[in-house]
Amino acid sequence: MSTHAMPPTLEFPWAQPPKTGEAVEVRPGIFWARLALPFRLDHVNIYLVEDGAGLALIDTGIDDAASRAAWEVLLQGPLAGRRLSRIIATHFHPDHIGLAGWLCERFDLELAMSQTEYLIALNIRLDPQGLRSEPYRGFYRSHGLGDEATEILLGHGLNYLRMVSTPPRTFLRLNAEDRIAIGGREFEVMTGAGHSPEQVMLYSAADNLILSGDQILAKISPNVSVEAMEPDGDPLGLYLRSLDKLSRALPEDILVLPGHNLPFVGLSTRADELIAHHEARCMAILEACKVAPQTVADLVPVIFGRPIDDPHQLVFAFGEALAHVNAMIRGGRLRVADAAKGLALEAA
């Protein structure tokens, strides 16, 4: 347990992110760049760490024309004359692994990531139509989504998962508690579940920093969703355990280099805020279910405060609502009730 003093609020050492085509040095030999995304969350952070004569890349951006063009600007600008030495992907989501295959092939690089994340990325790439098949269609309909909304979600809503270049056929597995050398630095591999099943984080004790991927972000809550592949999963429970573990294992004054938003100091403070945020959502669900049985589709506007019609956003919102429901069923706070329009929940 760290004895470092806890700041009352988060601290942001950099007030502004790098502009397109720029790289900001956040520690000697560690650089932060940013790529645009075509979504409501409109950016992803990537990092480069000096690695001998080259640079190790952590995360890549999504595979679309704009991101490939942004990479050309980086390669001709701040990275001119530097080669990439390897790629580390924190997790399988397309904004983090999307261009890994393209870059690995172009520069003859090795991809390192956890086994679970690699296999999911490969599975989606090899079977892109699998997302539209049964039992996934029935999964959404059983929780109260209408036929039209289900088809829109399975079609347009999941398109972003396909914005990934073909991953390399081989990879280097990263495991929790591994220690890897990047240049003259040693990083401990930490993993966390919830946002994705086995997300990789890299902790440098000497530099007092962690490359946290999406596991902990300063301004937004990472999406924590039940996937149709594991309909009774408990990603929220796993995520809350991960936040508690990070709080206990790392110094409060550690510099967090996240996948989105700005780098910050105040990890335990932010972990406490995220835990409270999810408990507030659970309480909102419980109050609604005390009034009348609710399907998961009914609960989306309860926890987000508004109806959500955009298919891309609905994927995340629906999965997040079910994550809270599954955690509350496991915790004895909700039970499944009989209902004509699908599985409904009532207060236990």
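The preceding data block contains the structure.
A few points on the structure.

Criteria and cut-off values
- Residues numbered from 1 in each chain as written.
- Predicted model: local features only at pLDDT ≥ 70, side-chain atom pairs only at ≥ 80, totals over all residues.
- Heavy atoms only, no water.
- Core = buried A, V, L, I, M, F, W, Y, C linked by side-chain atoms within 4.5 Å.
- Buried < 20%, exposed > 50% of the residue type's maximum accessible area, 1.4 Å probe, protein only.
- Helix = DSSP H or I, 4+ residues; strand = E, 2+ residues; numbered from the N terminus.
- Contact = heavy atoms within 4.5 Å.
- Pairing = 2+ DSSP bridges.
- Axes fitted to C-alpha atoms, helices over the stretch in contact; angles between N-to-C directions.
- Salt bridge = Lys/Arg side-chain N within 4 Å of Asp/Glu carboxyl O.

### What to know about the nonpolar core
In terms of nonpolar packing, the biggest core is built from 86 residues, with Trp71, Leu111 and Ile210 touching the most fellow members. Per-element accounting of this core gives the leading share, nine residues, to helix H10 (residues 311-330). Those residues within four positions of Leu111 in sequence are excluded, and the remaining contacts are Ile87, Ala89, Ile97, Ala100, Cys104, Tyr118, Pro168, Phe171 and Leu172. If you look at the next biggest cluster of nonpolar residues, it comprises 22 residues, including Tyr47, Phe187, Leu209 and Leu211.

### Brief notes about the sheet that holds strand E6 (residues 111-113)
Pairing is mixed across the open sheet formed by seven strands, whose spatial order is E1-E2-E3-E4-E5-E6-E7. Edge positions in the sheet fall to strand E1 (24-27) and strand E7 (172-173), since each has one partner strand and no second. In the packing of helix H1 (residues 65-76) onto the sheet, contacts are made with strand E2 (30-36), strand E3 (43-51), strand E4 (54-58) and strand E5 (83-88), and the angle to E2 comes to roughly 145°. Sitting on the sheet, helix H3 (residues 100-107) is in contact with E4, E5 and E6, with an inclination near 145° to E5.

### So, the pattern of salt bridges
The tally for this structure, following the rule as stated, stands at 15 salt bridges. Residue Arg281 is joined to Glu320 by a salt bridge in which the shortest nitrogen-to-oxygen separation is 2.9 Å. Remark: Glu320 occurs in helix H10 and Arg281 occurs in helix H8 (residues 267-291); sequence separation between them is 39 residues. Judged by its relative accessible area of 13%, Arg281 is buried. Each of Arg179, Glu186 and Glu188 takes part in salt bridges that share partners, so that together they form one network.

### Quick look at unusual backbone geometry
For Asp59, which is not glycine, the phi torsion reads 70° and is therefore positive. Secondary-structure assignment places Asp59 in the loop between E4 and H1. A positive phi is found at Asp108, a non-glycine position, where the angle reads about 55°. One can find Asp108 in the loop between H3 and E6. With relative accessibility at 72%, the residue Asp108 sits in the exposed group.

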